[in-house]
Amino acid sequence: MVELAVAEEVPRDLIVVSYSEVQAGKKCPPEHKTGYRPRWNGTPTKAAARKPGTLFPQALGVYYHSIFKGDTSQDAIVRWETFLLDYGRRAHERERFDLAEQADLVAWMIRGYVEHWAAEDAERWEPLHIEYRDVVRISDRFALKIKIDLMMRDRMSGRIWAWDHKSNANLPTEAELDLEDQFPTYRAALRLRGFDIWACMYNCGRSQRNKKTPQPLNTRFARIGINHTDDELSTFLTEFIEICERLYSPRNLKHSPRHTDSERCRYRCDLTQPCLTGRKLGDQRMYRHLQDSGFVQDFTRH
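Rules used in this analysis
- Residues numbered from 1 in each chain as written.
- Predicted model: local features only at pLDDT ≥ 70, side-chain atom pairs only at ≥ 80, totals over all residues.
- Heavy atoms only, no water.
- Axes fitted to C-alpha atoms, helices over the stretch in contact; angles between N-to-C directions.
- Helix = DSSP H or I, 4+ residues; strand = E, 2+ residues; numbered from the N terminus.
- Parallel < 35°, antiparallel > 145°, perpendicular 65-115°, else oblique.
- Left-handed = near helix turned anticlockwise from the far one by under 90°.
- Contact = heavy atoms within 4.5 Å.
- Nonpolar A, V, L, I, M, F, W, Y, C, P; charged D, E, K, R; others polar.
- Buried < 20%, exposed > 50% of the residue type's maximum accessible area, 1.4 Å probe, protein only.
- Phe/Tyr/Trp six-rings, centres within 6.5 Å; stacked < 30°, edge-to-face > 60°.
- Salt bridge = Lys/Arg side-chain N within 4 Å of Asp/Glu carboxyl O.

A.B. asks: What is the right way to read the packing of helix α1 (residues 19-27) against helix α9 (residues 230-247) from this model?
C.D. replies: At their nearest, the axes of α1 and α9 sit 10 Å apart, and the two run at 65° to each other. For the element pair α1 / α9, the angle class is roughly perpendicular. Here the hand of the crossing between α1 and α9 comes out left-handed. Facing Y19, V22, G25 and K26 of α1, the residues of α9 in contact are F240, I243, C244 and L247. In terms of residue class, the contact of α1 with α9 is built from six nonpolar, one polar and one charged.

The structure is reproduced here in structure tokens:
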């Protein structure tokens, strides 16, 4: 792989945070308290509906890694097809037929993706790094863990773009993506070490497959590039650090206030019942409820 930046030695006394951790803490401090401090981890069933959002980038990663190594487009197609076939086979062996269906859906998405974008990719975009990972010091207390799906160089301008693969039932609008803070925050952090990414490219694919209505490729895929000014990037990073300081303040570490929301708590969170137990009976009973529900403490992940 091409090294885009020289990783610095991160002091051990720094608190390493991920963007997902800070987002969880911003939305619901108790979720941060259980999932990111004592590292309780379960096998959530409510995440199944979001599976294309993880499998789609994985399959694209296989495809672009093959291109990066110099394989032909046809060889790259064989590699991602093999990846998804193996994924579907393992799902069937475990009787996870829902995951096998997701593999079939993502295969349909990738076939359309390659047909739609392969010519432009060959002419304009040069893959530099697949799943770029880094840890960057952002303050005296914190370092940010970074993962970017794809780094691409625009052959026309020579500029480097950070790509984020997205799959949703419907394609997002530029206005919706302009509200996303993750990649601008990554850009701002990497600039602290002199690595300047020109802009963010949101590489979007629709996961909604119609049974009868035709779906032209230009209605299924979109690439939306968004740039931010220096002042915006500075604001992104400043606000991110402020949230980190609040999450790890002595007061919040002792007591994380609940931000209950009937929609999110009932349908999008696997910690709802343990959390309610904790509200009634205290943290120790909440942790016991987590353990009884099949959650385990996993300190190998972030």
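Continuing now.
A.B. asks: Looking at this model, I keep getting lost on unusual backbone geometry. Mind explaining?
C.D. replies: Residues other than glycine seldom take positive phi values, yet E95 does so here, at roughly 60°. Given a relative accessible area of 58%, E95 falls into the exposed group. Phi angles above zero are rare outside glycine, and E131 is one such case at about 55°. With respect to the helices and strands, the residue E131 is situated in strand β3 (residues 125-137).

A.B. asks: Please clarify how the packing of aromatic side chains should be interpreted in this entry.
C.D. replies: Any pair of aromatic rings gets described here by the distance separating the centres and the angle formed by the planes. Counted by the stated rule, this structure contains twelve aromatic pairs. For the pair Y64 and W163, a centre-to-centre distance of 6.5 Å together with 75° between the ring planes defines the contact as edge-to-face. With Y64 in helix α3 (residues 52-68) and W163 in strand β5 (residues 160-168), the pair connects residues that are 99 residues apart, well separated along the chain. Taken individually, Y64 and W163 each receive the classification buried, so the pair is uniform in this respect. Where Y113 meets F221, the ring centres are 5.9 Å apart and the plane angle is 80°; that geometry is what we call edge-to-face.

A.B. asks: Could you clarify how one ought to interpret the environment of N168 in this entry?
C.D. replies: Turning to its location among the elements, N168 is positioned in strand β5. In sequence terms N168 and R220 are 52 residues apart; their C-alpha atoms lie 10.0 Å from each other. Discounting residues that sit within four places of it in the chain, N168 has contacts with G205, R206, S207 and Q208.

A.B. asks: Looking at this structure, how should I read the pattern of salt bridges?
C.D. replies: Two side chains bearing opposite charge may form a pair once their charged atoms approach each other closely. One pass over the full model with this rule turns up 17 salt bridges. For E131, the salt bridge identified is with R133, shortest N-O distance 3.0 Å. A salt bridge links K166 to D164; the shortest N-O distance between them is 3.5 Å. Since its relative accessible area comes to 17%, K166 is described here as buried. Residue classification places D164 among the buried residues on the basis of a relative accessible area of 9%. Taken together, the shared-partner salt bridges connect D86, R89 and E93 into one network.

Function cannot be read off these values alone, since they describe shape.
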